[in-house]
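Structural description and commentary
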Amino acid sequence: MNDPVDVLIIGAGASGAAVAWSLAETKMHILCLEQGGWMNPANYPSAGRDWEARAYGDYSPSPNIRVRPEDYPVNDDNSPIKVLNFNGVGGSTIMYTAHFPRLHPSDFRVRTLDGVAEDWPIDYDTLAPFFAENDRMMGVSGLFRRSCLSAHGTSDAAAAAWRSGACLAKAMNKLGWHWWPSDTTVATVDYEGRARCINLGHCTPACAQGAKASTDITYWPVALRAGVELRTHCRVREITTNEHGMTTGVVYYDRDGVEQFQPAEVVVIACNASARQGCC
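Definitions and cut-offs
Residues numbered from 1 in each chain as written. Predicted model: local features only at pLDDT ≥ 70, side-chain atom pairs only at ≥ 80, totals over all residues. Heavy atoms only, no water. Helix = DSSP H or I, 4+ residues; strand = E, 2+ residues; numbered from the N terminus. Expected span 1.5 Å × (residues − 1). Buried < 20%, exposed > 50% of the residue type's maximum accessible area, 1.4 Å probe, protein only. Contact = heavy atoms within 4.5 Å. Polar contact = N/O pair within 3.5 Å; in protein donor to acceptor, adjacent residues only side chain to side chain. Core = buried A, V, L, I, M, F, W, Y, C linked by side-chain atoms within 4.5 Å. Salt bridge = Lys/Arg side-chain N within 4 Å of Asp/Glu carboxyl O. Pairing = 2+ DSSP bridges. Axes fitted to C-alpha atoms, helices over the stretch in contact; angles between N-to-C directions. Right-handed = clockwise from strand over helix to strand, strands pointing away. Phe/Tyr/Trp six-rings, centres within 6.5 Å; stacked < 30°, edge-to-face > 60°.

1. Points about helix 5 (residues 124-138)
Its 15 residues give helix 5 an end-to-end C-alpha distance of 20 Å, which sits within 8% of 21 Å, the value for a rise of 1.5 Å per residue. Along helix 5, the residues that are buried comprise Tyr-124, Leu-127, Ala-128, Phe-131, Asp-135, Met-137 and Met-138. Once helix 5 finishes, Gly-139 follows within two positions and takes phi at roughly 70 degrees, a positive value.

2. Here's the deal with the environment of Asp-71
Topologically, Asp-71 is positioned in the loop between helix 3 (63-66) and strand 3 (83-84). With a relative accessible area of 10%, Asp-71 lands in the buried category. Distance from Asp-71 to Ile-269, taken between C-alpha atoms, is 18 Å for residues 198 residues apart in sequence. Those residues in contact with Asp-71 that lie beyond four places of it in its chain are Pro-63, Arg-66, Asn-87 and Arg-235. For Asp-71, the side chain forms a polar contact with the side chain of Arg-66, separated by 2.8 Å.

3. A short note on the nonpolar core
Formed by 21 residues in total, the largest nonpolar core has its most connected members in Ile-9, Met-138, Trp-220 and Val-228. Elements with a contribution of two residues or more to this core: strand 1 (5-10), helix 1 (14-23), strand 2 (30-33), helix 5 and helix 7 (219-225). Looking at this core, the element that brings in the most residues is helix 7, giving three residues. In contact with Trp-220, not counting residues within four places along its chain, are Ala-12, Gly-13, Gly-16, Ala-17, Ala-20, Cys-32, Trp-38, Val-89, Thr-215, Val-228 and Leu-230.

4. Section: the pattern of salt bridges
Throughout the structure, instances matching the rule amount to ten salt bridges. The partner of Arg-66 in a salt bridge is Asp-71, with the nearest N and O atoms 2.8 Å apart. As far as the burial class goes, Arg-66 and Asp-71 line up, both buried. A salt bridge links Arg-231 to Glu-229; the nearest nitrogen and oxygen atoms lie 3.0 Å apart. One continuous salt-bridge network, built from bridges that share partners, spans Arg-237, Glu-238 and Glu-259.

5. Focus on the sheet that holds strand 8 (residues 247-253)
If you trace the six strands from one edge of the open sheet to the other, you get 6-2-1-9-8-7, paired in mixed fashion. Of all strands in the sheet, those bounded by a partner on one side alone are strand 6 (229-231) and strand 7 (235-241). Across the sheet, the mean angle from the axis of one strand to that of its neighbour is 40 degrees, orientation sign disregarded. Here strand 1 runs beside strand 2; their pairing, made up of four bridges, is parallel. The residue bridging Ile-10 from the neighbouring strand is Leu-33, located in strand 2. Across the sheet, helix 1 is in contact with strand 1, strand 2 and strand 9 (259-269); its angle to strand 1 comes to roughly 160 degrees.

6. Considerations on the pairing of strand 2
Taking every second residue as pointing to the same face, both faces of strand 2 are buried, with Ile-30 and Cys-32 on one and Leu-31 and Leu-33 on the other. Read as a crossover between parallel neighbours, the route from strand 1 over helix 1 to strand 2 is right-handed. Of the pairings in the sheet, the one linking strand 2 to strand 6 comprises three bridges and is parallel in character. Across the sheet, Cys-32 pairs through a bridge with Leu-230, a residue of strand 6.

7. So, the side chain of Arg-231
The topology assignment puts Arg-231 in strand 6. A relative accessible area of 19% means that Arg-231 is categorised as buried. Side-chain polar atoms of Arg-231 contact the side chain of Gln-262, separated by 3.1 Å. Excluding its chain neighbours within four sequence positions, the residues that come into contact with Arg-231 are Asn-2, Leu-31, Cys-32, Leu-33, Glu-34, Tyr-252 and Gln-262.

8. Describing the side chain of Thr-232
Position of Thr-232 among the secondary structure elements: in the loop between strand 6 and strand 7. When its relative accessible area of 14% is taken as the criterion, Thr-232 is described as buried. When neighbours within four sequence positions are excluded, Thr-232 is seen to be in contact with Glu-34, Gly-36, Gly-37, Trp-38, Val-89 and Arg-255.

9. Describing the packing of aromatic side chains
For the coordinates displayed, the defined rule picks out six aromatic pairs. Between Tyr-59 and Phe-86, the ring centres sit 6.1 Å apart and the planes meet at 20 degrees, which makes this aromatic pair stacked. With a gap of 27 residues between them, Tyr-59 in the loop between helix 2 (51-54) and helix 3 and Phe-86 in the loop between strand 3 and helix 4 (110-114) connect regions that are remote in the sequence. Here Tyr-59 falls in the buried class, since its relative accessible area comes to 7%.

Put into structure tokens, the structure is as follows:
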């Protein structure tokens, strides 16, 4: 039987990595179970000339097409959007377009302003320091600006608009539409050991250059150095509870398919929030 841990995190993607990093300084025994493995950037599509073809094959946004051993089928027949997810250390931050917008102050008051859903119990200003910390860890690039809704500075230089962006901007100017370049996690200068973008290909099917931030190259190296334990190729089957309904641990299958029980005081579910295609 595995020794009990203080905190067990299911999933090593965006939220799992951030939770592991944020708790590391407590010196508790923190364990993360991830059903995928570590990624090798040398195998990413943008490392070769066939990257466009592979974006529709083994690095397709759809797990139904990729069919990697870590994937599972998704039925999105009745969904207005298509699921984009990825299983591995880094999770869906491996496969996204680097689009990294913040919530706006108005997003916290949708009942008050729009008459839908419910207002959040907290406001934008409460989360702003955490937004800023996440921007720093991921190396967000953008413009220091005061938009019509919020103000915040980012940690990196603005990404170039390139020809397509310039064409879009001119078109929107002609229509009288307001536009602003979105924040992204693309490094425009060398940042925290990550090389700057050199336009190897589209951002979505992983970045061989490491210019697009993913938590396997941002949060996880720091968390692991601080003593967090990460076990890969571990697919969690269920969370177990005691007679009081309190968590006691998880049952999972290890890389050999052997069923294991991992006792834990606290279990954090961070296994696939799922992202829309084209978004983070």
